[in-house]
Amino acid sequence: MNIQGKIVIVDDEQMITNSLSMLFMVEGIDNVFCFNDTTEALNFLNENEPDIVLSDFIMPQMNGLEFLSQVKELYPDVSTILLTGYADKENAISAINKVGLYKYITKNFRHSV
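Quick summary incoming for the structure in this document.

Cut-off values and rules
Residues numbered from 1 in each chain as written. Predicted model: local features only at pLDDT ≥ 70, side-chain atom pairs only at ≥ 80, totals over all residues. Heavy atoms only, no water. Patch = residues over 30% accessible without salt bridge, like charges linked within 9 Å, V, L, I, M, F, W, Y side chains within 5 Å. Areas by Shrake-Rupley, 256 points an atom, 1.4 Å probe, with all protein chains shown as cover. Salt bridge = Lys/Arg side-chain N within 4 Å of Asp/Glu carboxyl O. Helix = DSSP H or I, 4+ residues; strand = E, 2+ residues; numbered from the N terminus. Axes fitted to C-alpha atoms, helices over the stretch in contact; angles between N-to-C directions. Parallel < 35°, antiparallel > 145°, perpendicular 65-115°, else oblique. Contact = heavy atoms within 4.5 Å. Nonpolar A, V, L, I, M, F, W, Y, C, P; charged D, E, K, R; others polar. Core = buried A, V, L, I, M, F, W, Y, C linked by side-chain atoms within 4.5 Å. Buried < 20%, exposed > 50% of the residue type's maximum accessible area, 1.4 Å probe, protein only.

Next up on the list: a nonpolar patch on the surface. Together, M22, M25 and V26 make up a nonpolar patch on the protein surface, roughly 320 Å² of accessible area in all. Tracing the backbone through its elements, the reader meets M25 in helix 1 (residues 14-26).

Here it is in structure tokens:
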């Protein structure tokens, strides 16, 4: 299966972007663009319309809600997903209302031995 849409992933942790990129590649999705810096991601997005944008919530330059708000200004119809290690209902509701998120996903990665 070869998906043609552009997926943009933004997370300040390179391990997360590498893991998600690899997961998509294994699933046959190779049009994935990963960034560990929101400024670099926005520069890319100014020139490239995505189909889906996944963003971490807690990042050093700007938080995921601020970032996804800017994405929505550029591309109002793009699907946005917020990834967070902090699952709290208040942030989820705020994100959905302020940014019009498609999904709010908690990072709950566990490793088994």
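Where helix 2 (residues 38-47) contacts helix 3 (residues 64-74), the axes come no closer than 11 Å and their chain directions differ by 10°. When the axes of helix 2 and helix 3 are compared, the pair comes out roughly parallel. Contact with helix 2, carried on its side by T38, A41, L42, L45 and N46, involves F67, Q70, V71 and L74 of helix 3 and no other residues of that element. Across the contact of helix 2 with helix 3, the residue classes tally to six nonpolar, three polar and no charged.

In this section: the nonpolar core. Grouped together as the largest cluster of nonpolar side chains are 20 residues, with contacts concentrated most on V8, V10, L45, V53, F67 and L68. When residues of this core are traced back to their parent elements, those giving at least two are strand 1 (7-10), helix 2 and helix 3. Not counting residues up to four positions away in its chain, the partners in contact with L68 are V53, S55, T80, I81, L82, V99 and L101. Of all hydrophobic cores here, the second largest spans ten residues; its members include I7, I9, I81 and L83.

Residue position: D56 is located in strand 3 (residues 52-56). Here D56 falls in the buried class, since its relative accessible area comes to 3%. Beyond its immediate sequence surroundings of up to four residues, D56 is in contact with V10, D11, D12, G64, L82, L83, T84 and K107.

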